[in-house]
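Architecture at a glance
Next come the chains, spelled out residue by residue.
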Amino acid sequence: MPVVVVESPAKAKTINKYLGSDYTVLASYGHVRDLPAKDGSVDPENGFAMTWEIDTDARRHVKAIADALKHDNRLILATDPDREGEAISWHLEEALRKRRAIGKDTEVSRVVFNAITKSAVTEAMKAPRDIDRDLVEAYLARRALDYLVGFNLSPVLWRKLPGARSAGRVQSVCLRLIVEREMEIEAFRAREYWSITATLATPRGQEYQARLVSLAGRKLDKFDIPDATQAELARAAVESRDLSVSAVEAKPASRNPAPPFMTSTLQQEASRKFGMGARQTMSAAQRLYEAGLITYMRTDGIDMAPEAVHAARDAIAARFGPQYVPKSPRMYKNKAKNAQEAHECIRPTDMTRDAAAIRASDPDQRKLYDLIWKRTLACQMEAARLERTTVDIASADGQVGLRATGQVVLFDGFLKIYEEGRDDNGDDDGGARLPQIAANEPAEKRAVSSDQHFTQPPPRYTEATLVKRMEELGIGRPSTYASIVTTIQEREYVRKEKNRLIPEDKGRIVTHFLLNFFRKYVGYEFTADLEEKLDVVSAGDADYKQVLADFWRDFSAAIAETSELRISEVLDKLDAALAPTLYPPREDGGDPRVCPLCGDGRLHLKTSRTGGFVGCSRYPECRYTRPIGGEAETGDRVLGEDGGDEISLRTGRFGPYVQRGEVTEETPKPPRASLPKGWSPDDIDLERALRLLSLPREVGPHPEDGEPVEAGIGRYGPFVRHGRLYANLKDADEVFTIGMNRAVEVLAQKAASRGKGRAGVKPLRELGEYPEKGGAVSVMDGRYGPYVKWDKINATLPKDVAPADVTIEMAVALIDEKAAKKGKGGNKAAPRRKSAAGK
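Residues numbered from 1 in each chain as written. Predicted model: local features only at pLDDT ≥ 70, side-chain atom pairs only at ≥ 80, totals over all residues. Heavy atoms only, no water.

1. Examining the confidence of the model for the protein
- Looking at the protein as a whole, its pLDDT mean stands at 87, while 92% of the residues score no less than 70.
- Counting contacts from residues 755-759, a segment whose pLDDT is below 50, to residues more than four positions away or on other chains yields nine contacts. (pLDDT = per-residue confidence, 0-100. Contact = heavy atoms within 4.5 Å.)

Written out as structure tokens, the structure reads:
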């Protein structure tokens with residue numbers, strides 16, 4: 001029977017159901033080959049030859065496919081319908097040919113489908129083709145470029161900037177966007193302005209709001225009332241005059257629905273509405289696609305198949321009525337220049353099936369499907385019809401003019417089901433509904449108020465607005481948005497707080513290094529132009545090796561030139577470039593480079609494993625340091641006293657920390673403790689600070705040798721330690737509560753995973769799975785007697801209960817009781833595990 005290969009087991013299971021027993025459907029589990037992370041994997045001196053390597057896990061999957069081909073001489077490659085999918089198929093064929101699993105008589109074909117439905121799969125099987133060499137070459141060019149940049153630029157960063165992790169062709173440009181936005185925010189100076197609002201009433205007593213728009217016969221601009229004095233004069237001018245309605249204008253208006261989703265807009269909307277990150281969104285979308293519920297989720301296309309348009313219109317009529325269906329279908333035109341990414345839009349495969357009708361237990365999948373279903377139906381619905389009313393109010397002498405605006409929805413149209421979310425600074429196109437107002441009627445003043453405002457800095461990027469900006473600049477592609485945004489966070493160049501992306505000092509220093517020594521290669525236009533060249537390659541209109549040669553010629557020269565620089569030269573140049581940010585003018589007019597602690601040293605940019613910081617030139621005599629972004633304006637505070645010492649929360653170059661006492665000659669290094677990951681400075685009080693400063697905490701003597709077991713928080717996070725053996729803990733709170741049984745178990749697991757020490761603790765009895773939540777429940781033997789265990793919860797058995805008498809019901813009751821006690825103590829209860837069926 002023919003062997004069909006797809007990427008994932010879930011996709012294989014769905015397709016196997018459609019094709020039946022006449023086919024063998026296997027999974028490749030993603031890419032089977034990649035460039036090894038070593039010098040020479042791409043050889044510019046030998047026509048950019050690439051050396052590929054199959055990893056250990058992939059060998060098993062390739063072998064399984066090869067074994068299946070022994071019984072059949074037909075191979076059908078059915079990987080995803082984009083450049084990455086084409087590359088996986090090419091890699092598979094190449095790897096199988098090297099194994100001689102593909103013979104002269106083996107028929108190899110490629111099929112693609114945009115949705116995993118029975119009709120789409122069976123139709124695709126009727127239209128096999130060869131692997132698209134142009135798409136493969138576009139992949140090869142992109143992969144070679146990423147390797148050449150990363151493998152050659154990252155070592156320069158390591159040598160010149162201790163603590164830098166890596167650089168990437170697109171990730172560094174994305175990081176630049178975030179860093180430059182932060183610099184805009186820091187350079188921003190708020191500007192004051194005022195507005196005047198009047199509460200007016202009609203002769204019938206109905207109130208409405210109007211704002212002052214003209215004064216002394218002149219139209220007011222935003223900053224024309226700059227301070228409280230001018231605001232009071234303007235308010236008095238309104239209060240001292242009788243007002244009447246000079247004009248009423250009602251205009252019809254309409255709102256059209258947004259187009260259906262493509263990758264970037266799906267990520268943006270999921271972030272706006274649910275706070276979901278790009279990777280989280282794509283993971284949920286991948287599962288929905290593999291289950292046959294939506295079309296392919298990596299696309300730049302917004303067009304919809306004709307049969308899908310008709311199905312959507314039928315579903316709208318059936319669910320909402322014919323008045324919600326426009327006379328002719330709405331047609332959306334693709335913006336994507338590159339055909340390789342411009343598949344059909346992301347839509348449900350069955351328009352009649354809403355979120356309540358699908359089988360998806362995961363909340364992310366259910367929310368995302370609901371979003372896609374509503375957006376798809378909305379894009380084929382009638383426009384919303386509105387009436388927008390503008391009322392002008394004026395004084396008899398023409399010195400004062402006010403305006404009230406309102407809006408009423410006459411027909412909701414697509415708003416019946418869906419309204420697109422908005423990013424920061426979205427214009428308000430709405431307005432309150434106004435009462436019935438007629439021209440020339442008096443407007444009674446009920447109240448007049450003046451309100452102070454300040455201009456706001458540009459907002460920090462969310463993942464949604466960052467992807468939107470990348471798309472606008474032509475940086476990245478649908479298949480790379482999520483991985484780029486995720487990578488810069490994993491490299492600790494950027495952190496996410498309250499859904500906002502904030503650059504770390506390490507990210508700032510890397511960006512400024514690249515801007516000063518590799519400006520061309522983190523340029524927005526250069527990166528976008530290179531993406532366009534890769535699109536031209538995918539269309540078969542350019543030689544990918546020529547694109548690589550043109551890039552490598554200048555890039556290799558820049559690498560060679562920078563490699564000769566000393567670290568001191570790099571820091572001097574960066575210090576000068578960053579001077580306006582690092583050393584802003586002081587209010588007293590003094591030298592901003594003079595150390596504020598010792599008064600003698602000079603401040604200068606320095607580097608460490610955590611990134612850049614500003615330090616005193618008299619180190620180690622003076623230990624003054626501060627982050628690149630300057631001293632924290634908020635957050636640093638005294639928490640209280642303990643034993644005569646002041647306990648304070650501070651911000652340093654390594655982030656927020658708590659400190660006991662002050663730096664003195666007798667105590668040059670007072671006790672300090674950094675806040676663990678996930679702890680917000682806003683939540684720190686004296687009690688939590690003292691707990692941190694008390695670490696490490698002794699859990700007790702180890703039952704085997706009597707040596708102390710300690711729990712603490714180190715540079716790699718929370719841990720337990722016994723001698724020279726360290727084992728990580730998942731939650732920082734567990735450091736303060738972990739008991740000996742749990743500590744011994746964690747240490748034993750760590751020792752076993754290293755291949756030394758005693759084996760992991762074996763249970764006395766296995767009781768089975770925890771009802772509903774899943775996960776094994778066991779009876780264990782501990783130093784303090786037998787106990788039952790589930791996940792991280794250990795509950796000691798009552799003294800009158802023998803291990804042999806414990807039932808699953810008894811164990812669950814003990815575990816629940818212990819979990820409830822931990823919850824009262826401020827610790828998280830054990831996480832809910834997926835059931836065995838959900839794994």
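Additional details are given in the paragraphs that follow.
2. Examining a negative patch on the surface
- There is a patch of like negative charges on the surface, built from Asp682, Asp683, Asp685 and Glu687.
- Positionally, aspartate 682 belongs in the loop between strand 24 (672-674) and helix 19 (686-693). (Patch = residues over 30% accessible without salt bridge, like charges linked within 9 Å, V, L, I, M, F, W, Y side chains within 5 Å. Areas by Shrake-Rupley, 256 points an atom, 1.4 Å probe, with all protein chains shown as cover. Salt bridge = Lys/Arg side-chain N within 4 Å of Asp/Glu carboxyl O. Lys, Arg positive; Asp, Glu negative; His and termini not counted. Charge placed at Lys NZ, Arg CZ, Asp CG, Glu CD. Helix = DSSP H or I, 4+ residues; strand = E, 2+ residues; numbered from the N terminus.)

3. Regarding helix 5 (residues 133-160)
- The end-to-end C-alpha distance of helix 5, which contains 28 residues, comes to 40 Å, matching closely the 40 Å that a straight helix rising 1.5 Å per residue would cover.
- Of all 28 residues that make up helix 5, 20 are buried, and the element is covered over most of its length.
- If you check the start of helix 5, you find a side-chain oxygen 3.0 Å away from the backbone N of aspartate 134, and it comes from aspartate 132. (Expected span 1.5 Å × (residues − 1). Buried < 20%, exposed > 50% of the residue type's maximum accessible area, 1.4 Å probe, protein only. Polar contact = N/O pair within 3.5 Å; in protein donor to acceptor, adjacent residues only side chain to side chain.)

4. Quick word on unusual backbone geometry
- Cis geometry is adopted by the peptide bond preceding proline 696, which originates at leucine 695 and carries an omega value of 0 degrees.
- Tracing the backbone shows proline 696 in the loop between helix 19 and strand 25 (697-701).
- Notably, phenylalanine 48 is not glycine yet its phi reads approximately 55 degrees, a positive angle.
- With respect to the helices, strands and loops of the structure, phenylalanine 48 is situated in the loop between strand 4 (42-43) and strand 5 (49-50).

5. Describing the sheet that holds strand 1 (residues 3-6)
- Judged by pairing direction, the sheet is parallel, and its four strands sit side by side in the order 2-1-7-8 without closing on themselves. Of all strands in the sheet, those bounded by a partner on one side alone are strand 2 (24-27) and strand 8 (107-110). Averaged over neighbouring strand pairs, the angle between their axes works out to 20 degrees when direction is ignored.
- In terms of strand pairing, strand 1 meets strand 2 through four bridges, oriented parallel. Of the residues in strand 2, the one forming a bridge with valine 3 is threonine 24.
- Contacts from helix 3 (residues 83-98) reach strand 1, strand 7 (74-77) and strand 8, with the element oriented near 170 degrees to strand 8. (Pairing = 2+ DSSP bridges. Axes fitted to C-alpha atoms, helices over the stretch in contact; angles between N-to-C directions.)

6. Topic: the sheet that holds strand 28 (residues 725-728)
- Spatial ordering of the open sheet is given by 25-26-27-28, a layout of four strands whose pairing is antiparallel. Looking at strand neighbours, the two that pair on one side only are strand 25 and strand 28, the edges of this open sheet. Strand-to-strand twist of the sheet, defined as the mean angle between neighbouring strand axes without regard to direction, takes the value 25 degrees.
- Looking at chain direction, strand 26 (residues 708-714) and strand 27 (residues 717-722) are connected through six bridges and run antiparallel. By the bridge assignment for strand 27, glycine 714 is matched with glycine 717.
- Contacts between helix 20 (residues 740-753) and the sheet are confined to strand 25, strand 26, strand 27 and strand 28, with strand 28 contributing the most and set at about 105 degrees to the helix.

7. Focus on the environment of threonine 376
- Mapped onto the fold, threonine 376 is located in helix 11 (residues 363-378).
- When its relative accessible area of 0% is taken as the criterion, threonine 376 is described as buried.
- C-alpha of threonine 376 to C-alpha of methionine 276: the two residues are 100 residues apart in sequence and 20 Å apart in space.

8. Quick notes on the pattern of salt bridges
- Considering all chains together, one arrives at 55 salt bridges under this definition.
- Glutamate 463 is the salt-bridge partner of lysine 496, the closest N and O atoms lying 3.2 Å from each other. Taken together, the residues lysine 496 in strand 16 (residues 494-497) and glutamate 463 in helix 12 (residues 463-473) connect sequence positions 33 residues apart.
- Of the residues examined, glutamate 463 reaches a relative accessible area of 7% and is grouped as buried.
- In this structure, arginine 508 and aspartate 505 form a salt bridge, with 4.0 Å as the shortest nitrogen-oxygen distance. Of this pair, arginine 508 and aspartate 505 both sit in helix 14 (residues 505-517), separated by three residues, roughly a single helical turn. Across this residue pair, the class does not change: arginine 508 and aspartate 505 are buried.
- One network of salt bridges, with partners in common, ties together Arg142, Asp146, Arg169 and Glu531.

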